[in-house]
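Commentary on secondary and tertiary structure
Chain by chain, the residues:
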Amino acid sequence: MRPGEGLDALMSPRSIAIVGASQEPTKIGGRPVDLLRRYGYSGRIYPVNPKAAVVQGLQAYASVAELPEAPDLAIIAVDAERAAEAVEQCAARGVRSVVVFSSGFAELGEQGRAMQDRLQTAARRTGMRLLGPNCLGAVSVAERTIATFSIVLEHSMPTAGSLGIVSQSGNLGSYTMRMASDRGAGISRFMTTGNECDIDIADGIAWMARDPATKVILCCFEACRDAGRLIDALTEARNAGKPVIALKVGTSEAGQAAAASHTGAMAGSDAVFDALLARYGAVRVRSIEELIDLGHAASILLPDRLPKGPRLAVVTASGGFGVLLADAAQAVGLSLPELSEATQRAILELVPFASARNPVDATAQMSSRPDMLQKILSAVVADDRSDVIVLPLPFSLHMPRLRSVYMETLRAIRAQYPDRPVILCVEGPPDALAELHLLGYPTIASFDGCCAIIAALARLQALATAPGESSQPAMAKASPLAADAFRHELGAKRALAEAGIPVLGERLVSDADAAARAAREIGFPVVLKIASPDLPHKTEVGGVAVGLRCEEEVRQAHTQMLARVTTKAPRAVIDGVIVAPMARGLSELILGSRIDPVFGPVVMVGLGGIFAEIVQDTAVQMAPVNETQAMAMLKSLKAFAVLDGARGRQRTDLKAAANAIAALSRFATAHADTVSEIDINPLLLKAEGEGAVALDALLVPHGGPPTHHH
């Protein structure tokens, strides 16, 4: 089923049954009945309770079978043991969607998983959509459809608006809804998916992408169970022009362990998840505050007022605030361009002792005279050298005189420049902020937060205008690999060479004379390496000799090497010795791939050489990648500048490196059924135009030992 199908009955039901409805408004089964009535849901409400004729003033029914109609939505608020039966009765009655609040399913282990499978079977058999189990349900704010027992609706309904929230975690999602509403952001829809035995987070994203009430989609992820569905949903949101802002929890080791046990789903590698979000147009944030601030700002600025780039202009009444904002801006990669001559002249004519370059310090004069404030601000907003204007207003809105000065000015600016993004760094009375939001001005309390949000808004705009990522090309499964591909590095490199990864001309020899002959033909200097299926860590057993310059040295090195290896690893099977030319290059990379349990084959590139373990400078992507995406991976490395000729170094052949990454990713995808890990360490980079070459490689079959050789 395509993501988002069949959720209308859940999000816009004309009738709702509550199975396990309680007389007590504080109980889990009583809360939805109370909230639906209190907040004025206009559809039909059917409490189901075999022990009561009336529940909270409404006629009750003994079972789902006895309802006067099959409701669009049924809420299941009975304990886990009875939930499966209730879901099966709903399916039999023709109910179109159910929400299962009950917990005690797959998150608790085997017995719980068996009960959860019953729920899934009932839903799949009839096409009824099921949200949960172990979830906090869903809410459509404007329609007053309330299928939740969350305490955040206790005192008031959130304001209706255009932010959609879809969360795997119930409490994280409901906390986000409440906080966003308290900050003045309006909510369209709220959905928490819990154990995701049927409806998953991809369904929520895709449905909201089609929902006219939703402009921006906020997501709280714990884990991804199905990368393909998530990619489809993100693509649909992007095509609909609806930004997806993602908060992924479980990035730390402790957090990941907790997430796995909490949702019964393994958290896929966080770096791959990160890459997937970026590749399909979602912007990732690191905190609930950032999730809400960014979502709210985007909803105010969309559709056409997102900053077109990272250039910021700051107008302030205080030099110190200007410098603080400039520092915060630089820390997140924003720039403060000097304003045009004309703009600077206009400012200095108004306030001769101002600083007009950017940040513009208009001094306290700015707030004492509304006419002057408007002229200064107008000059800065009109200057197209900046993409976005920031105005810090520390306490001004708390003072009635200043508040009226600023409001008057900002109303005039909005009328004069309807399309320019202006963001206010301010905290103030809620009614003042609400007025500003209506005028189209996002407000953010802290300087750092303000700059982080602007950087993210510029990313959203860049993603919206970038060409969309097309879905993965279907890759044919490859013909089986030669037996020696898994046996030793020579076989591994032969297999990779056929796939387009450059390797050196090497020979496998069986005695010292053959080694000397091979060395003469290859050309000195040469390297000798032991070839053995049992010795992935060649250096540890003395199985490498480098820089050999004549036949005599080769014979001697061959004899000594075999003696060393036999002493250190007497049981190892020796296939012979590899003779290879001694290669020189400028830099080393590590290339690799592995099969991720969620994302399938992933490809990795990182800085190689002696600092690799310490620096851990890597980039990952789902495989396959093309040459352009491979180059983007290289550019994302911290060491990229070094590879690209920083400080007068020679430039390395990055194009050859990108080609190798793309070739490896295609090979890993084609052989995903047989190869679990690939390690090319190092890929030697030569000077620009001279290529790259894989000096050592290892293929690990499925079920083989995962090794990290040096």
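Let me begin by describing the structure that accompanies this report. Remember, predicted model here, so these are calculated numbers, not experimental data. (Residues numbered from 1 in each chain as written. Predicted model: local features only at pLDDT ≥ 70, side-chain atom pairs only at ≥ 80, totals over all residues. Heavy atoms only, no water.)

Description of the overall build of the protein chain
What counts is decided by this rule: Numbering goes from the N terminus for both helices and strands, where a helix is a DSSP run of H or I of at least four residues and a strand is a run of E of at least two. Relative accessible area decides the class of each residue, using a 1.4 Å probe on protein chains only: under 20% of the type maximum gives buried, over 50% gives exposed, and in between gives partly exposed. Contacts were defined at the residue level, with two residues in contact if any of their heavy atoms lie within 4.5 Å. Note on areas: Shrake-Rupley with a 1.4 Å probe; residue coverage comes only from the protein chains shown. Counting rule applied: Lys, Arg positive; Asp, Glu negative; His and chain ends not counted. Charged side chains are reduced to one point each, which is NZ for Lys, CZ for Arg, CG for Asp and CD for Glu.
When helices and strands are tallied, the protein chain shows 24 helices and 29 strands. Overall, the protein chain is about 95 × 80 × 35 Å in size when its C-alpha atoms are taken along their principal axes. Across the 710 residues of the protein chain, 57% fall into the buried class. Of all intrachain contacts in the protein chain linking residues separated by at least 6 positions in sequence, the fraction that spans at least 24 positions is 71%. By element, 54% of the accessible surface of the protein chain is carried by carbon and sulfur atoms, the whole surface being about 29,200 Å². With 68 positive and 75 negative side-chain charges, the protein chain shows a separation of 2 Å between the mean positions of the two kinds.

Observations concerning the nonpolar core
Applied cut-off: Working definition of a nonpolar core: buried Ala, Val, Leu, Ile, Met, Phe, Trp, Tyr and Cys residues. They are joined through side-chain atoms within 4.5 Å.
Within the largest apolar cluster, 109 residues are counted, with the highest numbers of intra-cluster contacts made by Ile 205, Leu 457 and Phe 599. When sequence neighbours within four positions are dropped, the list of residues in contact with Leu 457 reads Leu 294, Ala 297, Ala 298, Leu 301, Leu 306, Pro 307 and Ile 423. Core analysis: the second largest hydrophobic core is formed by 37 residues, Leu 496, Ala 619, Leu 654 and Ala 668 among them.

Brief notes about the pattern of salt bridges
What counts is decided by this rule: We define a salt bridge as a side-chain nitrogen of Lys or Arg found within 4 Å of a carboxyl oxygen belonging to Asp or Glu.
Overall, the coordinates contain 43 salt bridges when judged by the stated rule. For the salt bridge of Asp 293 with Arg 183, the shortest nitrogen-to-oxygen distance reads 2.9 Å. Of this pair, Asp 293 sits in helix H10 (residues 288-301) while Arg 183 sits in the loop between helix H5 (170-182) and strand S11 (187-192); the two residues are 110 residues apart in sequence, bridging distant segments of the chain. You can call Asp 293 buried: its relative accessible area is 16%. Note on Arg 183: relative accessible area 29%, which makes it partly exposed. Note that Arg 403 and Glu 435 form a salt bridge whose closest N and O atoms lie 3.6 Å from each other. In this pair, Arg 403 is assigned in helix H15 (residues 400-416) and Glu 435 in helix H16 (residues 430-439), connecting sequence segments 32 residues apart.

Regarding empty space enclosed by the protein
Worth spelling out the cut-off: Every definition here rests on a 1 Å grid over the protein atoms only: cavities are sets of points where a 1.4 Å probe fits but cannot get out, pockets are open sets enclosed by protein on both sides within 12 Å along at least five of seven lines, and lining residues have some atom within 4 Å of a point. Grid points are joined across faces, edges and corners, and a volume is the space filled by probe spheres set on the points.
This model, assessed by the stated rule, comprises one cavity of 30 Å³ or more. Of the voids in this model, the largest cavity is the one considered here, and its volume is about 70 Å³. Surrounding the largest cavity, Gln 168, Glu 196, Asp 200, Ile 201, Ala 202, Phe 221, Ala 223, Cys 224, Arg 225, Asp 226, Arg 229 and Leu 230 form its lining. Counting only elements with at least two residues in the lining of the largest cavity, the list comes to helix H6 (201-210) and helix H7 (227-239).

A short note on the sheet that holds strand S18 (residues 422-425)
Our working definition: For two strands to count as paired, DSSP must find a minimum of two bridges between them. Whenever a helix is involved, its axis is fitted only over the stretch in contact; in every case the axis is a line through C-alpha atoms, and angles between N-to-C directions fall within 0 to 180 degrees.
Within the open sheet, the five strands sit side by side as S16-S15-S17-S18-S19. Their pairing is parallel. Only two strands of the sheet have a single partner each, and these edge strands are strand S16 (360-361) and strand S19 (443-444). When strand S15 (residues 312-316) meets strand S17 (residues 388-392), the two strands line up parallel, connected through three bridges. Bridged to Val 314 within S17 is Val 390. Along the sheet, helix H17 (residues 447-465) makes contact with S15, S17, S18 and S19, crossing S18 at roughly 160 degrees.

Details of the packing of H5 against H10
Defined as follows: When describing relative orientation, an angle under 35 degrees is termed roughly parallel and one over 145 degrees roughly antiparallel, while 65 to 115 degrees is termed roughly perpendicular and anything else oblique. Take the far helix as your reference; a near helix turned counterclockwise from it by less than a right angle gives a left-handed crossing, and one turned clockwise gives a right-handed crossing. Asp, Glu, Lys and Arg are counted as charged, while Ala, Val, Leu, Ile, Met, Phe, Trp, Tyr, Cys and Pro are counted as nonpolar; the rest, among them Gly, fall into the polar class.
Remark: H5 packs on H10, axes separated minimally by 10 Å, with the N-to-C direction vectors making an angle of 50 degrees. Classified by the angle between their axes, H5 and H10 sit oblique to one another. Crossing angle aside, the handedness with which H5 passes H10 is right-handed. Taking contact as the criterion, the partners of Leu 172, Tyr 175, Thr 176, Met 179 and Ala 180 in H5 are, on H10, Ile 288, Leu 291 and Ile 292. Each residue belonging to the contact of H5 with H10 can be placed in one class, and the counts come to seven nonpolar, one polar and no charged.

Section: helix H12 (residues 341-350)
Note the cut-off: Here the arc refers to the set of directions running from the helix axis out to each C-beta atom.
Along H12, the residues classified as buried are Thr 343, Gln 344 and Ile 347. Down the axis, H12 shows its buried residues gathered within 95 degrees of arc, on one side only. Exposed positions of H12 whose direction lies more than 90 degrees from the buried face are Glu 341 and Glu 349. Next to the buried residues of H12 lie S16 and helix H14 (370-382).

Some thoughts on the packing of aromatic side chains
The geometry of an aromatic ring pair is captured by two quantities: the separation of the ring centres and the angle between the planes. The criterion, for reference: Classification of ring pairs rests on two measures: the distance between centres of Phe, Tyr or Trp rings, Trp counted by its six-membered ring, which must be within 6.5 Å, and the angle between planes, read as stacked under 30 degrees, edge-to-face over 60 and tilted in between. Geometrically, a lysine NZ or arginine CZ counts as sitting over a ring once it is within 6 Å of the ring centre and also within 35 degrees of the ring normal.
For the structure shown, the criterion picks out five aromatic pairs. Measuring from centroid to centroid gives 4.7 Å for Phe 101 and Phe 149, while their planes differ by 65 degrees, and the two rings are edge-to-face. With Phe 101 in the loop between strand S6 (97-100) and helix H4 (110-126) and Phe 149 in the loop between strand S9 (145-147) and strand S10 (160-167), this residue pair connects regions lying 48 residues apart in the sequence. Classification of Phe 101 by relative accessible area gives buried; the value is 6%. Through pairs of rings, three or more aromatic residues link up here, namely Phe 221, Phe 273 and Phe 599. Between Arg 414 and the ring centre of Tyr 441, over which it is positioned, the NZ or CZ distance is 4.7 Å.

Structural notes on the packing of H14 against H15
Across the interface, H14 lies against H15 with an axial gap of 10 Å and an inter-helix angle of 35 degrees. Note on packing geometry: the crossing formed by H14 with H15 is right-handed. Seen from H14, the contacting residues are Pro 370, Leu 373, Gln 374, Leu 377, Ser 378 and Val 381; seen from H15, they are Val 405, Tyr 406, Thr 409, Leu 410, Ala 412, Ile 413 and Gln 416. Of the residues belonging to the contact of H14 with H15, the class tally is nine nonpolar, four polar and no charged.

Remarks on H4
Note the threshold: One less than the number of residues in a helix, times 1.5 Å, gives the span that helix is expected to have.
For H4, built from 17 residues, the straight-helix expectation of 24 Å at 1.5 Å per residue is met to within 8% by its first-to-last C-alpha distance of 25 Å. If you check which residues of H4 are buried, you get Gly 112, Met 115, Gln 116, Leu 119, Ala 122 and Ala 123. One side of H4 carries all its buried residues, which in axial view fall inside an arc of 115 degrees. For H4, the exposed residues set more than 90 degrees away from the buried face come down to Glu 110, Gln 111, Arg 124 and Arg 125. Residues of H4 that are buried make contact with helix H3 (80-93) and strand S7 (129-131). Immediately beyond the C-terminal end of H4, within one or two residues, lies Gly 127, with a positive phi of roughly 80 degrees.

Here we look at the environment of Ile 300
Relative to the assigned elements, Ile 300 resides in helix H10. Through-space distance from the C-alpha of Ile 300 to that of Phe 486 is 57 Å; in sequence the pair is 186 residues apart. Discounting residues that sit within four places of it in the chain, Ile 300 has contacts with Arg 305, His 437, Gly 440, Tyr 441 and Pro 442.

Considering the sheet that holds strand S20 (residues 507-509)
The antiparallel open sheet is built from four strands, whose spatial order is S20-S23-S21-S22. Of all the strands in the sheet, just S20 and strand S22 (544-548) have a single pairing partner and so form its edges. On average, adjacent strands in this sheet sit at an angle of 25 degrees to one another, irrespective of strand direction. Looking at chain direction, strand S21 (residues 526-531) and strand S23 (residues 576-581) are connected through six bridges and run antiparallel. Its bridge partner lying in S23, Ala 531 is registered against Gly 576. Across the face of the sheet, helix H20 (residues 551-568) comes into contact with S21, S22 and S23 while running at roughly 25 degrees to S21.

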